[in-house]
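Structural characterization, general
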Amino acid sequence: MRQSAIGKMGEDYTAQVLEGRGFTILHRNYHSRYGEIDLIGEDGKYLVFVEVKARKPQAMSSPLESVTPQKQRRLILTAQTYLAEHPTGKQPRFDVAGVEIREGRVVRFEYLENAFFG
């Protein structure tokens, strides 16, 4: 599978899992001049910005480890842009989903709530 197909599959799977947990997905692949947020959803009192990292199992690092401090800064700036365009009374939160895909199917899923602070 190409990396773009793996990424889309990881995002689709994560959105499905979150919706099953009661999330409402508001936006997918939100772009600003600072970067992209894969999924934006509501979960109770939270507005959740979700970074999805999809990999093949033989990758050198886990998907969750690839959200570096530099990536976190870009996500925070992008979230600030989103909040300026879409004001809300909900508390923002940053989550990270790690999806491992082998032969076109998900073999492992990790989800870390409140993965870093904005």
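Refer to the structure printed above.
Residues numbered from 1 in each chain as written. Predicted model: local features only at pLDDT ≥ 70, side-chain atom pairs only at ≥ 80, totals over all residues. Heavy atoms only, no water.

For helix α2 (residues 69-85), built from 17 residues, the straight-helix expectation of 24 Å at 1.5 Å per residue is met to within 8% by its first-to-last C-alpha distance of 25 Å. Turning to α2, its buried residues number three or more, namely K71, L75, I76, T78, A79 and Y82. Buried positions along α2 lie against β1 (24-32), β2 (35-43), β3 (46-55), β4 (91-102) and β5 (105-116). (Helix = DSSP H or I, 4+ residues; strand = E, 2+ residues; numbered from the N terminus. Expected span 1.5 Å × (residues − 1). Buried < 20%, exposed > 50% of the residue type's maximum accessible area, 1.4 Å probe, protein only. Contact = heavy atoms within 4.5 Å.)

What follows deals with the environment of A84. Tracing the backbone through its elements, the reader meets A84 in helix α2. A residue is classified by how much of its surface remains accessible, and A84, at 64% relative accessible area, is exposed.

One pass over the full model with this rule turns up six aromatic pairs. With a centroid separation of 5.1 Å and 90° between ring planes, the pair formed by Y30 and Y82 is classed as edge-to-face. Taken as a pair, Y30 in strand β1 and Y82 in helix α2 lie far apart in primary sequence, 52 residues in all. Side by side, Y30 and Y82 carry an identical accessibility label, which is buried. With a centroid separation of 6.3 Å and an interplanar angle of 20°, the aromatic rings of F109 and Y111 are classed as stacked. According to the relative accessible area criterion, F109 is partly exposed, its value standing at 22%. Members of the aromatic cluster, each reached through a chain of ring pairs, are Y30, F49, Y82, F94 and F116. (Phe/Tyr/Trp six-rings, centres within 6.5 Å; stacked < 30°, edge-to-face > 60°.)

For the coordinates displayed, the defined rule picks out nine salt bridges. Between R28 and D12 there is a salt bridge, and its shortest N-O distance comes to 2.4 Å. Remark: D12 occurs in helix α1 (residues 3-20) and R28 occurs in strand β1; sequence separation between them is 16 residues. Take D12: its relative accessible area is 29%, and that puts it in the partly exposed class. (Salt bridge = Lys/Arg side-chain N within 4 Å of Asp/Glu carboxyl O.)

Don't take any of this as a statement about function, it's just geometry.
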